[in-house]
Structures are given as structure tokens and as C-alpha cells.
Amino acid sequence: MSQTPRPLVAGNWKMNGRRADGLALAKAVASAAAGIEAELLVCPPATLLGAVGEALAGSAVGLGGQDCHQAAAGAHTGDIAAPMLADLGCRHVILGHSERRAGHGESAALVRAKAEAALAAGLIPILCIGETEAERDRGEAFAVVARQLAGSLPDRATAASAVVAYEPVWSIGSGRTPTLADIAALHGHLRAELARRFADAAGFRLLYGGSVKPANAVEILATANVNGALVGGASLKAEDFLAIARACPRA
Ligand code: PGA
């Protein structure tokens, strides 16, 4: 992988969408994807992975899951294993999202086990990290994200096999974003933390996530050490998601 990675713009649909609107959204994104410099990915709810995967077949848009279990198979009612996602054509899986760390009590160790399972299944984990507002107010943002990165990114990850997404918890779904200077400082810190462990740290994609919209995408995506975006709310409208994707700077 070259030193400056190709940007990745990933849509996290979260727990939204029925079959009809999910298919319409996927088709609208797929039909406009050719010619966009960034790599595009949509992560629908598990119920729509099969149908959306079929709608995306032959397009440049990738399919991703929103979570997986740490075991490859077995008696885990309601869970989805990484090889099942791979079997449906997924290339990526979001792991450690704050809505899972907080809402489902997921520890760094659990997220790391899930990331190991994803890597073993040939999936690229999109590992989410980010501080809460209280942690930021206490001046702990850098320490928190470094701890989360150390705790949940497996040692065998490489720039080609894993993605890191910085998502300040207070920015998710709130319409509030850090200043560009804060994003640059935080992403620079993450790059330096990666460099302590990985020889190919420069090639890792570091995504920013949290209230990315067409109106702020150009500036955020041009910020140093930002290699794409993880988009929640704005990924539910094809035109907004595509506008964000088009905002990525050309390499
Ligand atoms: P948001 O969500 O874009 O709606 O803030 C981002 C995310 O949770 O990944």
C-alpha cells in the first residue's frame, strides 16, 4: 500500500431501513459510485445484508457488517459470526462502535477478540475509538483513544487488513464536531501511536466519524491524517452520502 492511503467513505446505517428503502438507497449509491475517487462502503443492518449485497453486485460499492461475534460459530443466540458476514460478500465489519461499547457493555478485550475473529475470516475490521465529552473536558481525550487503540487493535493488524475510525462519542448524531485543529491533533496522535507498533503505520486508514455532513466534509476530509469518513445519519440519504464521498481530496 502506498504511504497515503486511498480514502474510504463508509456508511453506517445503524438500525435503520426496511427492504424497500434499503434497496433503493444501495442502488442509488451504486449507480453513482463509478468515477468517485474514494472507496465506498455501506454497512446496512444484518437483516438487509443479503438483499443489499445482491443489489451492489458488480458495482464499486463494498458491503460491511456493523458487528460480529468473537467466535466463528456455535451456540450464541442472536449473534452473527464473522465467517457468516464474509459468506454474504462483506469485506469490512465495524467493531467497537461507541453504541456497542456503551450500549452493550463491550470491553476493549472483547472488541479485540472480535477484531481477531474478523481478521481470521478475511474481513477488514473498522475499529472505532473515541472519547466521551466528560473525558474530553478532563483533558483525557488523547490518553483515552491511545488506551482504546492499544486494547482493541490486534498486533497482527496491518495497513491493508484493518481500519481505525476516530469517533468522539459526543459528536455522534449530535451535529457537533471537533475543530479542524482538534481533529488534526487527534489523528496525528493516533498515527504516532500506530507507528509505535506497526512498521506500515503511514498506510493505515484513519477515518473521522461524528456528524459528518456535505457541509463540513470538504474541510474534515482535507485534514492531515484523515483518510476518509465513517458516516451515520448522512449515509441514509444517497445524495448526502455521495456528496461526502465526492468531497475527498484527490490523491
Ligand atoms: P453520525 O454517526 O454521522 O450520525 O454522527 C456516525 C457514527 O456513529 O458512525
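Refer to the structure above for everything that follows.
In short, a report on the structure. Quick caveat: nothing in here was measured; it's all calculated off a predicted structure.

Considerations on the layout of surface pockets
Then, in step 1: Considered as a void within the structure, the largest pocket measures approximately 520 Å³ in volume.
Then, in step 2: In terms of lining residues, the largest pocket is bounded by 22 residues, among which K14, M15, Q66, D67 and R100 are the most central.
Then, in step 3: Of the residues assigned to the lining of the largest pocket, the class counts are 9 nonpolar, 8 polar and 5 charged.

Quick look at the state of the cysteines
Simply put, the disulfide is a covalent bond whose two ends are the sulfur atoms of two cysteines.
Then, in step 1: Applying the stated criterion to the full structure yields 0 disulfides.
Then, in step 2: Take C43: it sits in no disulfide, and the sulfur closest to it among the cysteines is that of C90, at 7.7 Å.
Then, in step 3: The class for C43 is buried, based on a relative accessible area of 0%.
Then, in step 4: Not engaged in a disulfide, the cysteine C68 finds its nearest cysteine sulfur in C90; these two sulfurs lie 10 Å apart.
Then, in step 5: In this structure C68 comes out as buried when scored by relative accessible area, which is 1%.

Considering the packing of helix α7 (residues 141-152) against helix α8 (residues 180-197)
The description of two helices packed together rests on the angle between their axes and the distance between the axes.
Then, in step 1: Packing of α7 against α8 brings their axes to within 10 Å, and their N-to-C directions diverge by 35°. Crossing geometry of α7 relative to α8 is assigned as right-handed. Across the interface between the two elements, A141, F142, V145, A146, L149 and A150 from α7 touch A185, L186, H189, L190, E193, L194 and R197 from α8.
Then, in step 2: When the residues that make up the contact of α7 with α8 are grouped by side-chain class, the tally is 10 nonpolar, 1 polar and 2 charged.

Definitions and cut-offs
- Residues numbered from 1 in each chain as written.
- Predicted model: local features only at pLDDT ≥ 70, side-chain atom pairs only at ≥ 80, totals over all residues.
- Heavy atoms only, no water.
- 1 Å grid on protein atoms, 1.4 Å probe; cavity = no way out; pocket = protein on both sides within 12 Å on 5 of 7 lines; lining within 4 Å.
- Points joined across faces, edges and corners; volume = space filled by probe spheres on them.
- Nonpolar A, V, L, I, M, F, W, Y, C, P; charged D, E, K, R; others polar.
- Disulfide = S-S within 2.5 Å.
- Buried < 20%, exposed > 50% of the residue type's maximum accessible area, 1.4 Å probe, protein only.
- Axes fitted to C-alpha atoms, helices over the stretch in contact; angles between N-to-C directions.
- Helix = DSSP H or I, 4+ residues; strand = E, 2+ residues; numbered from the N terminus.
- Left-handed = near helix turned anticlockwise from the far one by under 90°.
- Contact = heavy atoms within 4.5 Å.

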